[in-house]
Amino acid sequence: MGKTVVEKILARAAGKSAVSAGDVVEPAVDLAMSHENAALVISQFHEIYKGTGLEPTIWDPSRLAVIFDHRVPAESAKTATNQKKIREFVAKHGVAKFHDIRGDLGGICHQILPENGYVRPGAVVVGTDSHTTSHGALGAFAFGIGATEMASLWALGVALNVEVPATIKVVVKGALPDMVGPKDVVLHLVGLLTSEGANFRVLEFHGEAIRAMSTSGRIVLCNMSVEAGATSGIVPADAETLRYLKEEAGVTDPVQPVLPDADAVYERVIEIDVSRLEPQIACPHTVDNVRPIGKVAGTKVHQIVIGSCTNGRFDDLEIAAGILKGKKVAKDVRMLVFPASGRIYTRALLRGLVADFVQAGAVVMNPGCGPCLGIHEGALGDGETALSTTNRNFKGRMGNPTSDVYLCSPAVAAASALTGVITDPRGTAAGGAR
Amino acid sequence: MSKVILTLGDDVSTDVIYPGRYMATVLPTETPQFAFADLTDFNAKLKAKQVPPGSVLLAGKNFGCGSSREQAVSTLKGHELVIVAKGFARIFTQNSVNLGLRLVEVPDLEAKDGDELEIGATEVVNVSTGKRFRIVPLPPARQALIDAGGLIAYTRKRLMEKK
């Protein structure tokens, strides 16, 4: 019987000849990532060793990655102290894949891992962050776990009680129209599946639109697979994956893609034709509350946000800057831009995009999770509305339970910044809104 | 017998259970104060110890969706609440098993605030209406973790066996 990509990856990682959906395995983990919540992982890690007479020992420090992104620079003494403890811990335990708050090497974990070549096709990647699903874009099986599970993993090196998930095959056909991109595809898909439609399942992406998509775009799809409840999203590795790893991630050693069998068993197959897809908007307060832009165009917004692990990569900034260049952000709108990594920030700076944003009136912030989860900057006022390229619009997400968050693509965000209302980016020569 | 103390709808996210702005607070001993911080009345009741341990929080489908933040579990565990819902999100389910928060999945449940529930091994009886509802059991692999007393105890045992 044919196997899906994830069945093949888990069989290899669990040392078995074959596994099928529903089997329970303990896969060896190739990469284990945490961000600031490593503070809790460290505390639980020490708790595990209490009374054992054993020295707390990480099974393989070379497989750990710790990236500061959620609250950078620290917003409070408490966060700064957590970061200090983590810094001391990674130094003591010899964790080399540590990305501190830095303009050159820092950034959002889900950008730092791929761009540094830490993620390979066929790998098992776990992270104490739900958007760890992002790394499926490189053909890895990547999923989010909690802090205590990570502490257990640091000690044992295996993920416990992993049920091999069933796989939903998503075939994306057609060519994307102008000003319609991966974000619109994934919002459309989450709307179709609903917020729990892929719960405990994997979304395996296929089709000509995927093959034509850059790794950056594939990260968007896998990143937001979790918004349909998926354990992970995965794009089987191909020529583009190998190009990305070699050219953008500096990987020089051989890479072994893991591909599904032609007769792999899928729970269901979903086909989407994107050739007539319109820009999509997720309306408050759930990500599956998705409508085509025509239904919500004209909605007044107070804050525009471009960035995050979903849409803070160079191509996202390039589309947005192209729309904004030489124009002005509407008077009563705040526009915040936060690139996903120092590397992307530098490239945007050298290519003039940062100047385009700033001269248009946007505020370009340092790389990090920024306003996305309402922790330490870019909070909304009572009753205000944000339009954001981030991944969640839950009540209170951007720091205020009386505010509304709409989710969109970078093109929609930029076009709307010029008008102050949700605006369709299609139609004008430069994609501009006026 | 457990009383339904609060009824919520579908897709209750971890941002609602434990807002992101409190995420710098991580220790299970400190997180309970921020449970449902934006539902100010309920949060005040919890902090005033007016909600007895074992009280039921009733919800629709996909409870705990969103972030992997474990605070969303430890904050509820700290008040010894029992979560009865039509369904739970994946990471929240695993975190609850790991930390010992009791989740009861009952897809067809009909109940409301103030109802008394009797939660058995395989079914929930709504004592207030007399109706019975089937519980979806946890997969056996997860039950083993619960039986061991949670993930910390289980991992400790595995480490000692390895030694």
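Look up: the structure comes first, before these words.
Let me begin by describing the structure that accompanies this report. (Residues numbered from 1 in each chain as written. Chains lettered and ligands numbered in written order. Predicted model: local features only at pLDDT ≥ 70, side-chain atom pairs only at ≥ 80, totals over all residues. Heavy atoms only, no water.)

### Focus: the overall build of chain A
The criterion, for reference: A helix here means a DSSP run of H or I that spans at least four residues, while a strand means a run of E at least two residues long, and both kinds are numbered starting from the N terminus. Two things to know: the radius of gyration comes from C-alpha atoms, and the globule rule equals 2.2 Å times the number of residues to the power 0.38. Note on classification: 1.4 Å probe, protein chains only; a residue is buried when its accessible area is under 20% of the maximum for its type, exposed when over 50%, partly exposed between these limits. Here, two residues are considered to be in contact whenever any of their heavy atoms come within 4.5 Å of each other.
What chain A contains, in helices and strands, is 14 helices and 18 strands. For 434 residues, the compact-globule formula gives about 22 Å, and the C-alpha radius of gyration of chain A, at 21 Å, lands near that figure. Considering only C-alpha atoms, chain A reaches an extent of 65 × 55 × 40 Å along its principal axes. Counting every position in chain A, which comprises 434 residues, the buried fraction comes to 63%. Nonlocal contacts in chain A, meaning residues at least 24 apart in sequence, comprise 75% of its contacts between residues at least 6 apart.

### With respect to the sheet that holds strand E3 (residues 82-85) of chain B
Residues and elements named next belong to chain B. Definition in use: Two strands qualify as a pair provided DSSP detects at least 2 bridges between them. Axis lines are fitted to C-alpha atoms, over the contacting stretch for helices. Their N-to-C directions set the angle, which ranges from 0 to 180 degrees.
With mixed pairing, seven strands are arranged side by side in an open sheet as E4-E3-E2-E1-E5-E6-E7. Because the sheet does not close on itself, it has two edges, and the strands there are strand E4 (102-105) and strand E7 (131-134). Put simply, the sheet's adjacent strands are angled 30° from each other on average, direction ignored. Alignment of strand E1 (residues 2-7) against strand E5 (residues 116-119), held across two bridges, turns out to be antiparallel. Each residue of the ladder has a partner; that of Ser2, found in E5, is Leu117.

### A closer look at the interface of chain B and chain A
Rules: We define buried area as the total accessible area lost by two parts upon association, computed with a 1.4 Å probe and summed across both. Salt-bridge detection follows one rule: a side-chain nitrogen of Lys or Arg within 4 Å of a carboxyl oxygen of Asp or Glu. Two N or O atoms form a polar contact when they lie within 3.5 Å of each other; inside protein one atom must be a possible hydrogen donor and the other a possible acceptor, and for residues adjacent in sequence the pair counts only when both atoms belong to side chains.
Listed per partner, the contact involves 45 residues of chain B and 49 residues of chain A. Taking both partners together, chain B and chain A bury about 4000 Å²; carbon and sulfur atoms supply 57% of that area. Viewed at the interface, chain A and chain B are joined by four salt bridges. Ionic pairing is found between Arg397 of chain A and Asp15 of chain B, a salt bridge with its closest N-O pair at 3.0 Å. Connecting chain B to chain A are 22 residue pairs in polar contact (both at pLDDT 80 or more). When contributions to the side of chain B that touches chain A are tallied by element, the ones reaching two or more residues are helix H1 (14-17), helix H4 (90-99), helix H5 (140-147) and helix H6 (151-162) of chain B. Counting residues per element, the side of chain B that touches chain A draws most heavily on H6 of chain B, at nine residues.

### Quick look at the sheet that holds strand E4 (residues 97-99) of chain A
Residue and element names in this part refer to chain A. Pairing is parallel in the open sheet, where five strands are placed in the order E4-E3-E2-E5-E6. Two strands lie at the open edges of the sheet, namely E4 and strand E6 (141-144), each paired on one side alone. Recorded for the sheet is a direction-independent mean angle of 15° between the axes of neighbouring strands. Each of strand E2 (31-34), strand E3 (64-67) and strand E5 (124-127) is contacted by helix H5 (residues 147-156), which is oriented at about 140° to E2, the strand it contacts most.

### Quick look at the pairing of E4 of chain B
Residue and element names in this part refer to chain B. Put simply, the rule reads: The crossover handedness rule: strands pointing away from the viewer, path from first strand over the helix to second strand clockwise, crossover right-handed.
Taken together, the four bridges between E3 and E4 define a ladder with parallel strand orientation. Bridge pairing links Ile83 to Leu103 in E4. Each parallel crossover has a hand, and the one from E3 via H4 to E4 is right-handed.

### Focus: the state of the cysteines
Note the following rule: In this description, the term disulfide denotes a pair of cysteine sulfurs within 2.5 Å.
For the coordinates displayed, the defined rule picks out zero disulfides over all chains. No disulfide involves Cys408 of chain A; its nearest neighbouring cysteine sulfur is the one of Cys283 of chain A, lying 11 Å away. Not engaged in a disulfide, the cysteine Cys65 of chain B finds its nearest cysteine sulfur in Cys372 of chain A; these two sulfurs lie 14 Å apart. Taking the relative accessible area as the measure of exposure, Cys65 of chain B reaches 7% and is therefore buried.

### As for the environment of Ala44 of chain B
When you line up the elements, Ala44 of chain B lands in helix H2 (residues 40-47). Once the C-alpha coordinates of Ala44 of chain B and Met23 of chain B are considered, the two residues, 21 residues apart in sequence, prove to be 19 Å apart.

### Comments concerning the packing of aromatic side chains
Residues and elements named next belong to chain B. For clarity, the threshold we go by: Paired rings are identified among Phe, Tyr and Trp, the last through its six-membered ring, by centres lying within 6.5 Å, and are further divided according to the angle between planes into stacked (under 30 degrees), edge-to-face (over 60) and tilted (the rest).
In this structure the tally under the stated criterion is 13 aromatic pairs over all chains. On the numbers, 6.1 Å between centres and 80° between planes, the contact of Tyr18 with Phe34 is edge-to-face. With Tyr18 in the loop between H1 and H2 and Phe34 in the loop between H1 and H2, this residue pair connects regions lying 16 residues apart in the sequence. Accessibility assignment for this pair places Tyr18 and Phe34 in one class, buried. Ring centres 4.1 Å apart and planes at 5° place the aromatic pair Tyr22 and Phe34 in the stacked group. A residue pair is termed long-range when its members are at least 10 positions apart, and Tyr22 in the loop between H1 and H2 and Phe34 in the loop between H1 and H2 qualify at twelve residues. Note on Phe34: relative accessible area 17%, which makes it buried.

### Some words on the pairing of E5 of chain B
Residues and elements named next belong to chain B. With burial as the criterion, only one face of E5 is covered, namely that bearing Leu117 and Ile119; the residues Glu116 and Glu118 on the opposite face remain uncovered. Note: E5 against strand E6 (residues 123-126), three bridges, orientation antiparallel. By the bridge assignment for E6, Ile119 is matched with Val124. Following E5, the chain reverses through three residues before pairing antiparallel with E6.

### Quick notes on the nonpolar core
Here is the rule: What makes a nonpolar core is a set of buried Ala, Val, Leu, Ile, Met, Phe, Trp, Tyr and Cys residues whose side-chain atoms join them at distances within 4.5 Å.
One finds Leu10, Phe45, Ile86, Val126 and Trp154 of chain A to be the most contacted residues of the largest nonpolar core, which totals 54 residues. Not counting the four nearest positions on each side in its chain, Ile86 of chain A is found in contact with His35, Glu36, Ala38, Ala39, Ile42, Val66 and Phe68 of chain A.

### Quick word on helix H12 (residues 342-350) of chain A
Residue and element names in this part refer to chain A. Short version of the rule: The reported arc concerns the directions from the helix axis to the C-beta atoms and nothing else.
Gly342, Ile344 and Ala348 are the residues of H12 that are buried. Considered in projection along H12, the buried side chains sweep an arc of 160° and stay on one side of the axis. Buried-residue contacts for H12 involve helix H4 (109-115), helix H11 (314-324) and helix H13 (353-360). Gly352 sits one or two positions beyond H12 and adopts a positive phi of about 85°.

Without other data, these values stay purely geometric and don't point to any function.
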